[in-house]
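Below are the chains, spelled out letter by letter.
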Amino acid sequence: MNAAVALAVALVVALGVTPLAAAVARRTGVVDRPGPLKVQRDAVPYLGGVAVFLAAAGPIALVRPALLVPLGLAGLLGLVDDIAEVRAGIRLLAELGVGLVAGAVIDSPLPAGLGVVVTAAMVVGLIKAVNLIDGLDGLAGGVAAASALGFVLLGGPARPVAASLAGALLGFLAYNRPPARIYLGDSGAYLVGTALACCTALVLDDPGGAS
């Protein structure tokens, strides 16, 4: 699929499904409530990550369907963490598991499983990085969208996947810009971190490949 088409499709879908995800989050109580360290005055729905996944999934399924497995697992882990906080140790092991799955579905020229280990390390690191900056309206989504667009400009095998992610995040940002009407939540942070790690692994595995 052409990168421009992937971006456009994901953008349109995100614009449509993000308000629906917010409505579901409000109905089910999956919201971020105001507190002493929170910037919002009212409860803000999570499940932005679900919207981003649904928007990006279609284009990605046409170009790299196997990537939907680690991306889906990452989003599911984050969703569980949004609903009922997962213990740090269990969460780290689960993130590592997601990373190993991501490494397994990306063909790497590195020998003896080294590519799988490197990809897993990137997944865990980028999940933590995106989660760390997900504290202000539009910050994590904006940084991730800019990063995804960077991969699009680089070209290579990561281009259509990155374009799908960029389109989904740009559509999400229409509702996440200040004042945010929905947050990525852990589901989104884990999904986006995993997706960026996969794009990095694809570029490193085939830096001169054509898209």
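Structure: see above.
Residues numbered from 1 in each chain as written. Predicted model: local features only at pLDDT ≥ 70, side-chain atom pairs only at ≥ 80, totals over all residues. Heavy atoms only, no water.

Please clarify how helix α2 (residues 48-63) should be interpreted in this entry.
Residues separated by three or four positions in an α-helix point in the same direction, a consequence of the helix having 3.6 residues per turn. Relative to the 22 Å expected for 16 residues at 1.5 Å per residue, α2 spans 23 Å between its end C-alpha atoms, a close match to the ideal helical length. Its axis deflected by about 40 degrees at A57, α2 carries its strongest bend there, up to four residues before the proline P59. Contact partners of the buried residues in α2: α1 (3-28), α3 (68-83), α7 (159-176) and α8 (185-205). (Helix = DSSP H or I, 4+ residues; strand = E, 2+ residues; numbered from the N terminus. Expected span 1.5 Å × (residues − 1). Bend = angle between axes of the 7 residues up to and from the residue. Contact = heavy atoms within 4.5 Å.)

Explanation requested: the environment of L126 in the structure shown.
With respect to the helices, strands and loops of the structure, L126 is situated in helix α5 (residues 114-133). Linking L126 and V192, residues 66 residues apart in sequence, is a C-alpha distance of 8.3 Å. Sequence-distant contacts of L126, that is, excluding residues within four places in its chain, are made with G193, L196, A197 and T200.

Explain the packing of aromatic side chains to me, please; I cannot follow it from the model alone.
To describe a pair of aromatic rings, one takes the distance between the centres and the angle between the planes. Counted under the stated rule, the structure contains one aromatic pair. Pairing Y46 with Y183 gives two aromatic rings, centres 6.4 Å apart and planes at 45 degrees, and the pair type is tilted. Taken together, the positions of Y46 in the loop between β2 (44-45) and α2 and Y183 in the loop between α7 and α8 put the pair 137 residues apart, joining distant regions of the chain. Y183 shares its class with Y46; the two are buried. (Phe/Tyr/Trp six-rings, centres within 6.5 Å; stacked < 30°, edge-to-face > 60°. Buried < 20%, exposed > 50% of the residue type's maximum accessible area, 1.4 Å probe, protein only.)

So what exactly am I meant to see when it comes to unusual backbone geometry here?
Residues apart from glycine generally show negative phi values, whereas peptide bonds are mostly found in trans. Of the consecutive residues P178 and P179, the connecting peptide bond is found in the cis state with omega at -10 degrees. The backbone of L47 shows a phi angle near 75 degrees, a positive value even though the residue is not glycine. Position of L47 relative to the elements: it lies in the loop between β2 and α2.

Mind showing me how you'd approach the packing of α5 against α8 here?
Relative placement of two packed helices is described by the angle separating their axes and the distance separating the axes. It is at 7 Å that the axes of α5 and α8 come closest, and there the two elements cross at 140 degrees. The angle between α5 and α8 falls in the class oblique. Crossing handedness for the pair α5 and α8: right-handed. From α5, T119, M122, V123, L126, I127, V130 and N131 reach across to α8, where they touch D186, A189, Y190, V192, G193, T194, L196, A197, T200, A201 and L204. The class makeup of the residues in the contact of α5 with α8 is twelve nonpolar, five polar and one charged. (Axes fitted to C-alpha atoms, helices over the stretch in contact; angles between N-to-C directions. Parallel < 35°, antiparallel > 145°, perpendicular 65-115°, else oblique. Left-handed = near helix turned anticlockwise from the far one by under 90°. Nonpolar A, V, L, I, M, F, W, Y, C, P; charged D, E, K, R; others polar.)

What exactly am I supposed to notice about the nonpolar core here?
For soluble globular proteins, the rule of thumb is that nonpolar side chains tend to be buried together. Counting residues in hydrophobic clusters, the biggest one holds 61 residues, and the most contacted among them are V52, L67, L165, L169, V192 and L196. Counting residues per element, the ones that place at least two in this core are α1, α2, α3, α4 (88-105), α5, α6 (139-154), α7 and α8. For this core, the element with the highest residue contribution is α8, accounting for twelve residues. Setting aside chain neighbours within four positions, we find L165 in contact with V52, A56, A148, V192, A195 and L196. (Core = buried A, V, L, I, M, F, W, Y, C linked by side-chain atoms within 4.5 Å.)

When you look at the pattern of salt bridges in this model, what are you seeing that I'm missing?
Pairing is possible between side chains of opposite charge, provided their charged atoms come close. Following the criterion strictly, the structure yields two salt bridges and no others. As a salt-bridge pair, R91 and D81 come within 3.5 Å of each other at their nearest N and O atoms. One end of the pair, R91, is in helix α4; the other, D81, is in helix α3, and ten residues separate them in sequence. Looking at R91, the relative accessible area reads 16%, which means it is buried. Between K128 and E95 there is a salt bridge, with the nearest N and O atoms lying 3.1 Å from each other. On the criterion of sequence distance, the pair formed by K128 in helix α5 and E95 in helix α4 is long-range, its members being 33 residues apart. (Salt bridge = Lys/Arg side-chain N within 4 Å of Asp/Glu carboxyl O.)

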